[in-house]
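# Report on the structure
Each chain is listed here by its residues.
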Amino acid sequence: MTVDSIQNGIVIDHITAGSAMRLYELLHLDELDVTVAIMKNVTSRKMGRKDIIKIDADIDIDLDIIGYVDPKATVNYIKDGVLAEKKVIKVPERLVNVIKCKNPRCITSTEQELKHIFKLTDRDNKVYRCVYCEVKAQ
Amino acid sequence: MRSIIDISDLSVEELQELIGVAEDIIANPEKYQDACKRKKLATLFFEPSTRTRMSFEAAMYELGGNVISVSSAASSSAAKGESVADTVKTVSCYTDIIAMRHPKEGAAYVAAQNASIPVINAGDGGHCHPTQTLADLLTIWREKGRFDNLTVGFCGDLKFGRTVHSLITALARYTGIKFVLISPQELKLPSYIKKDVLKRNGLQYVQTMDLESVMPELDILYMTRVQKERFFNEEDYLRLKDSYILNPEKLKKAKPDLCIMHPLPRVNEISVAVDDDPRACYFKQVLNGKYMRMALILKLLKEAGTI
Ligand SMILES: [Zn+2]
């Protein structure tokens, strides 16, 4: 694949410069056996600098993760070389098994197979709190 | 299934309703002596807290109910690694309502999500302890007859003191409340509570390190213990634990109808000499706790259709 054209897959565009690696990790793109291209610090007329991720396969990605990391990013689904769908990204109300609670006193640290769930408690400042211990996500 | 994890799970109207029931229990105890006949309360205490457990058990007995008690983490299935979820699913098969104490924050929420009967949080680590707040609220109500237009001082460990955070959250819903926050620099009220609770509700508060200077203006003085287990090192604990000790000398400038409260047990933050002062309300608080637990058990069992 060349980095600027894919036939069938997903392009995550307009990622805030520097955020691509975090998205790559949280979306578990490292676990895929398809071609994934990360472009960092691409010159953008709108944003100055931006990151782009291209995935050369039509996979299921959790848009909530993108909304959590970078709600200004855009997600484009490419089919047969043309743009098939553009997804609207929103800051998600809940995050399930996206990030982990770091509070050592939280029940999530001991209870078997408990989902790590965070709730958006302050939209303006994008504050998420663990639903169990209510400690802020870092 | 309705459970109570945090004091904010109860609306202002519901609090008033619980207070009404508690006052009726105090006035007419015989009316309630069979209210929970043949019903069972499970007290699941994954960490020891004798007084809270006794309060729940006394509450259930006075309602004519029975108690099944698991009081030691070491002897229970939790020691064998059974999850909170599995434990409460099992306990739901045997009893009608659960009061649970657990060292981990959020454990009560997990219990409530998995139980098929009501769960009352009897303390989940440093997180919440709503029935203590119910005891505090009934005490304020019985001593002052109102929840508005009060100057409430909190003294001691305001950083880790969950009873303080919870009572501030509960009182923040009333009007004309002024908070006076008295603590050493290291144990100040966390900024998120100041921001999310006090500033958001437009409440007045002052912070000070000096108890004596603010004493004359207080209607309520809520003392707290400086708990060793909330500290990460012994030196800090030893340095700070004696910072604020209430004694008759310091009370000289206080209002004649001041209400002195403490969640108990005390270590030494209130001198024993204060106990004889009519303004000392901390043992009344203990009794009020039992009445509010009775009112809460009744409410939840009624809502669940059990009684
Ligand atoms: Zn947590």
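Keep in mind it's a predicted model, so treat the numbers as computed, not measured. (Residues numbered from 1 in each chain as written. Chains lettered and ligands numbered in written order. Predicted model: local features only at pLDDT ≥ 70, side-chain atom pairs only at ≥ 80, totals over all residues. Heavy atoms only, no water.)

### Some thoughts on the interface of chain A and chain B
Let me state the cut-off plainly: The contact criterion used throughout is that any non-hydrogen atoms of two residues lie within 4.5 Å. What counts as buried area is the accessible surface, traced by a 1.4 Å probe, that two parts surrender upon association, with contributions from both included. One side-chain nitrogen of Lys or Arg within 4 Å of one carboxyl oxygen of Asp or Glu is enough to make a salt bridge. Throughout this description, a polar contact denotes any pair of N or O atoms lying within 3.5 Å of each other; where both atoms belong to protein, one of them has to be capable of donating a hydrogen while the other can accept it, and for residues adjacent in sequence the pair is counted only when both atoms sit in side chains. Under the scheme applied here, ten amino acids are nonpolar (Ala, Val, Leu, Ile, Met, Phe, Trp, Tyr, Cys and Pro), four are charged (Asp, Glu, Lys and Arg), and all others, including Gly, are polar.
Chain A puts 17 residues into the contact, and the matching count from chain B is 17 residues. In total, chain A and chain B occlude about 1,300 Å² of area from one another, counting both sides; carbon and sulfur atoms represent 46% of this. The largest share of the area that chain A buries against chain B comes from Arg105(A), Ile107(A) and Glu111(A), three residues that together contribute 42% of it. Taken together, the connections running from chain A to chain B amount to three salt bridges. Among the salt bridges present, the one from Lys195(B) reaches Asp122(A), with a minimum N-O distance of 3.9 Å. Linking chain A with chain B are eight residue pairs in polar contact (both at pLDDT 80 or more). Here the side of chain A that touches chain B is built from residues that sort into eight nonpolar, four polar and five charged.

### With respect to the coordination of the zinc ion
Residues and elements named next belong to chain A. As a reminder, the rule being used: Donor atoms: N, O and S within 2.8 Å of the metal, or within 3.2 Å for Na, K and Ca. Because water is excluded, sites can look incomplete. For four-coordinate sites, all angles between 85 and 135 degrees define a tetrahedron; for four- and six-coordinate sites, opposite donors beyond 155 degrees with the remaining angles between 65 and 115 define square planar and octahedral shapes respectively, and all other cases count as irregular. Numbering of helices and strands starts at the N terminus; helices are DSSP runs of H or I of at least 4 residues and strands are runs of E of at least 2.
Within the protein, the atoms that donate to the zinc ion are Cys101 (SG), Cys106 (SG), Cys130 (SG) and Cys133 (SG), at distances of 2.3 Å. Angles of 103 to 114° at the metal separate the four donor atoms of the zinc ion, which places the site in the tetrahedral class. Of note, the donors binding the zinc ion are all from one chain and are spaced C-x4-C-x23-C-x2-C. Taken as a pair, Cys101 in the loop between strand S6 (94–96) and strand S7 (117–122) and Cys130 in strand S8 (residues 127–130) lie far apart in primary sequence, 29 residues in all.

### Re unusual backbone geometry
Under the convention used in this document: Summary of the burial criterion: residues with accessible area below 20% of their type's maximum are buried, those above 50% are exposed, and those between are partly exposed, where the area comes from a 1.4 Å probe applied to protein chains only.
For the peptide bond that leads from Leu264(B) to Pro265(B), omega is 0°, which places it in the cis range. Among the structural elements, Pro265(B) can be located in the loop between strand S9 (259–261) and helix H10 (282–303). Of note, His28(A) is a non-glycine position whose phi angle comes to about 55°, a positive value. Even without glycine at this site, Asn97(A) takes up a positive phi of about 55°. Within the fold, Asn97(A) resides in the loop between S6 and S7. A relative accessible area of 46% places Asn97(A) in the partly exposed class.

### Some details on the domain arrangement of chain B
All names here are of chain B. The condition is simple: By convention here, the domain bounds are inherited from an automatic or database domain assignment.
Segmenting chain B into domains produces domain 1 (7–128 + 289–303) and domain 2 (130–285). On a C-alpha basis, the centroid separation for the pair domain 1 and domain 2 is 26 Å. Each partner contributes to the interface: domain 1 provides 28 residues, whereas domain 2 provides 20 residues. Carbon and sulfur atoms supply 64% of the area buried between domain 1 and domain 2, which totals about 2,100 Å² over both sides. On the surface where domain 1 and domain 2 come into contact, there are zero salt bridges. Our count for the contact surface shared by domain 1 and domain 2 stands at five residue pairs in polar contact (both at pLDDT 80 or more).

### Details of the sheet that holds strand S3 (residues 97–102) of chain B
Residue and element names in this part refer to chain B. The condition is simple: The criterion for strand pairing is that DSSP finds at least two bridges linking the strands in question. Angles shown run from 0 to 180 degrees and are taken between the N-to-C directions of axes, each axis being a line fitted to C-alpha atoms and, for helices, limited to the stretch in contact.
In space, the four strands of this open sheet follow the order S2-S1-S3-S4, with parallel pairing throughout. Edge positions in the sheet fall to strand S2 (66–70) and strand S4 (119–124), since each has one partner strand and no second. The sheet shows a mean angle of 15° between the axes of neighbouring strands, direction not considered. One ladder, built from five bridges, connects strand S1 (residues 40–45) with S2; its direction is parallel. In the sheet register, Ala42 faces S2, and the bridge partner there is Ile68.

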